[in-house]
Amino acid sequence: MTGVEPAVSATADTSGPVVTTAPVRATGIGSWPGTSAREAVRTVRDLLLDDEGVGLAFLPETPGRGPGADIIGRAAGLLTDLPVDLQPSGWRLVDRPGRDAARTASFHREDLDELAEAYDGHVGPLKVQVAGPWTLAASLRLNRGERVLVDPGAAADLVASLADGVSRYVAGVRRLVPGAEVVLQLDEPSLPAALEGSLPTDSGYGRIRAVDPQVAASGLRTVLAAHDGPTVIHSCHPAAPLPLLRSTGVGAVALDLTAATPARWESVAATLDTGTAVWVGVLPTDGSATSSEDARRLVLDGLERAGLSADALRGLVVTPTCGLSGLTPEGARTVVRTALDTARRLAEEVDR
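The residue numbers shown here count from 1 along each chain, following its written sequence. In keeping with the model being predicted, local features are shown solely for residues with a pLDDT of at least 70 and side-chain atom pairs are shown and tallied solely at 80 or more, while totals for entire chains, interfaces and linings include all residues. Neither water nor hydrogens contribute to the side-chain values; these are computed over all heavy atoms in the structure.

The next thing to look at is the overall build of the chain. For the purposes of this entry, the term helix denotes a DSSP run of H or I that reaches at least four residues, the term strand denotes a run of E that reaches at least two, and both are numbered from the N terminus. Along the chain, the regular secondary structure elements total 11 helices and 11 strands. At 19 Å, the chain has a C-alpha radius of gyration in line with the 20 Å of a compact globule built from 352 residues. The proportion of buried residues among the 352 residues of the chain is 58%. In the chain, the proportion of contacts linking residues at least 24 apart, taken out of those at least 6 apart, comes to 74%. For the chain, the accessible area works out to roughly 13,900 Å², and carbon and sulfur atoms hold 50% of it. We count Lys and Arg on the positive side and Asp and Glu on the negative side, and we leave His and both chain ends out. Here the site of a charge means atom NZ of a Lys, CZ of an Arg, CG of an Asp or CD of a Glu. Positive and negative side-chain charges of the chain, numbering 32 and 44 respectively, have mean locations separated by a distance of 4 Å. As defined in this context, the radius of gyration uses C-alpha atoms, and a globule is described by 2.2 Å times the residue total to the power 0.38. Summary of the burial criterion: residues with accessible area below 20% of their type's maximum are buried, those above 50% are exposed, and those between are partly exposed, where the area comes from a 1.4 Å probe applied to protein chains only. Every residue pair with non-hydrogen atoms within 4.5 Å of one another is taken to be in contact. Only the protein chains shown count as cover for residues, with accessible areas throughout obtained via the Shrake-Rupley method and a probe of 1.4 Å.

In this structure, strand E4 (residues 84-87) lies alongside strand E5 (residues 90-93), joined through 4 bridges in antiparallel fashion. Across the sheet, Gln87 pairs through a bridge with Gly90, a residue of E5. Between E4 and the antiparallel strand that follows it, E5, lie 2 residues. The rule for pairing is simple: two strands pair if DSSP sees at least two bridges between them.

The 7 strands lie next to each other as E3-E11-E10-E9-E8-E7-E6, forming an open sheet whose pairing is parallel. Looking at the sheet topology across the chains shown, the edges are occupied by strand E3 (25-26) and strand E6 (124-131). The pairing of strand E7 (residues 180-187) with strand E8 (residues 231-235) spans 4 bridges and is classified as parallel. Residue pairing for E8: Asp187 is matched across the bridge by His234. Interaxial angles span 0 to 180 degrees and are taken between N-to-C directions of axes, which are lines fitted to C-alpha atoms, for helices over the stretch in contact. Packed on one face of the sheet, helix H11 (residues 329-350) meets E3, strand E10 (277-283) and strand E11 (317-320) and runs near 155° to E11.

The next point concerns the pattern of salt bridges. One speaks of a salt bridge when a side-chain nitrogen belonging to Lys or Arg is within 4 Å of a carboxyl oxygen belonging to Asp or Glu. Per the stated rule, a full pass over the model turns up 20 salt bridges. Here Arg344 makes a salt bridge to Glu52, at a shortest N to O gap of 2.8 Å. Separated by 292 residues along the polypeptide, Arg344 in helix H11 and Glu52 in the loop between helix H1 (37-48) and helix H2 (71-76) bring together distant segments of the chain. Taking relative accessible area as the criterion, Arg344 reaches 29% and is therefore assigned partly exposed. One salt bridge in this structure joins Arg65 and Asp111, with 2.9 Å as the shortest N-O distance. Linking Arg65 in the loop between H1 and H2 with Asp111 in helix H3 (residues 99-118), this pair joins segments that are 46 residues apart in sequence. Neither Arg65 nor Asp111 differs from the other in exposure class; each is buried. When salt bridges with common partners are traced through the structure, they connect Glu293, Arg296, Asp341, Arg345 and Glu349 into a single cluster.

Turning to the state of the cysteines, a few remarks are in order. To count as a disulfide, a pair of cysteine sulfur atoms needs to be within 2.5 Å. Across all of its chains, the model carries 0 disulfides by this definition. The closest cysteine sulfur to the non-disulfide-bonded Cys236 is located on Cys322, 3.8 Å from its own sulfur. Classification of Cys236 as partly exposed rests on a relative accessible area of 23%. Among the residues examined, Cys322 registers a relative accessible area of 29% and is labelled partly exposed.

Glancing now at the nonpolar core. One recurring pattern in soluble globular proteins is that nonpolar side chains are buried together. Judged by nonpolar contacts, the single largest core of 102 residues is most densely connected at Trp134 and Leu140. Per element, the largest residue contribution to this core is 10 residues, and it comes from helix H5 (residues 152-176). Counting residues in hydrophobic clusters, the runner-up holds 8 residues, among them Leu56, Val183, Ala277 and Val317. Joining through side-chain atoms within 4.5 Å is the link that ties buried Ala, Val, Leu, Ile, Met, Phe, Trp, Tyr and Cys residues into a set, and such a set is a nonpolar core.

What follows deals with the packing of H1 against H11. Relative to each other, H1 and H11 sit at 25°, their axes nearing to 10 Å. With respect to each other, H1 and H11 are oriented roughly parallel. Considering the relative orientation of H1 and H11, their crossing is right-handed. Residues Thr43, Leu47 and Leu48 of H1 touch H11, and the partners they reach there are Arg333, Val336, Arg337 and Leu340. Residue composition of the contact of H1 with H11, grouped by class: 4 nonpolar, 1 polar and 2 charged. Our angle categories are set so that under 35 degrees counts as roughly parallel, over 145 as roughly antiparallel, 65 to 115 as roughly perpendicular, and the remainder as oblique. Left-handed is the label given to a crossing in which the near helix is rotated counterclockwise from the far helix by less than a right angle, and right-handed is the label when the rotation is clockwise. Three categories are distinguished: nonpolar for Ala, Val, Leu, Ile, Met, Phe, Trp, Tyr, Cys and Pro, charged for Asp, Glu, Lys and Arg, and polar for the others, with Gly belonging to the last.

This next bit is on empty space enclosed by the protein. Grid points spaced at 1 Å over the protein atoms alone were grouped into cavities, where a 1.4 Å probe fits but cannot get out, and pockets, open sets with protein on both sides within 12 Å along at least five of seven lines, with lining residues defined by an atom within 4 Å of a point. Grid points are joined across faces, edges and corners, and a volume is the space filled by probe spheres set on the points. Across all of its chains, the model carries 1 cavity of 30 Å³ or more by this definition. Of the pockets and cavities examined, the largest cavity occupies roughly 40 Å³. As for the largest cavity, its lining consists of Gly68, Arg74, Thr104, Phe107, His108 and Asp111. No other element matches H3, which puts 4 residues into the lining of the largest cavity.

A few words now on the packing of aromatic side chains. Two rings from Phe, Tyr or Trp (for Trp, the six-membered ring) form a pair when their centres sit within 6.5 Å of each other. Planes less than 30 degrees apart are called stacked, planes more than 60 degrees apart edge-to-face, and all others tilted. Per the stated rule, a full pass over the model turns up 0 aromatic pairs. As a reminder, the over-ring test applies to NZ of lysine and CZ of arginine, requiring each to be within 6 Å of the ring centre and within 35 degrees of the ring normal. Looking at Lys127, its charged tip hangs above the ring of Phe58, at a distance of 4.9 Å from the centre.

None of the figures reported here should be taken as evidence of function without further support.
Right, here's the structure in full:
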């Protein structure tokens, strides 16, 4: 499993490859505002496929379409032999798929159809995102209403089912876009809560027992192993467990570093030392504006405090801290453009 290295990229019209050696790149995390899959896919393509190869294109999620297009519904729809349905308490494992599962499958087909049309002839990296096993187990409910996390056997079944579903998903993307180097991103916003045992039980009066770190790492390895290409784990939680994440063999970790402490940057340095790439989330997604110069300075100051030189910039990917579905379409475009400009500014530091 590897991180995303400088590779072949395509121009915005995907008419052909352009060889690039961009030392710093930029991408988005996943979600996009609006209710049109076509508009989202094409907007992201046009923003991130550039002649310099700085942008890393991805298949955007559009949760604004409703249940089944959200992060949990999308991942649950990939599960094999574990049907789900939507209840007032959220997505739940059921005996047989129903109307909600059919709607989720329809959204999935629409996404892939739009991807195939927009990236016809594309050669180069193309990222897809899936909720990771522990975020999914923390959100999905068993038939009796409790979170899947309360039942170790059910959680293990979910891990295996998700791994199989991810393998099929990636195979489908490769079939539709044969020139794509698929990058698999696992989103794990709930992993820290699962590890610290802070998730409430169904009654609300107790807390679910913490997941053993070794079990958590093993589950992540199982899902990552379903993909033979570049991998990344994203967690926007400020306490995302870097030692555990890098122990999985993942190619890269994507983090929110907007308020990172010196100790956090030292952990970033340790991660880079192990050969695990880092995607730096330095652009907020709460609507507040950050200039590319401010983002550039945040990264450089952080690396300097950790005792790293500008050479550590090589291979970094600049991202927003999280998805962009909470912004306006223009706001989302602005954040991605700022990420691209930040990456270009940082690349100048590598060349000095």
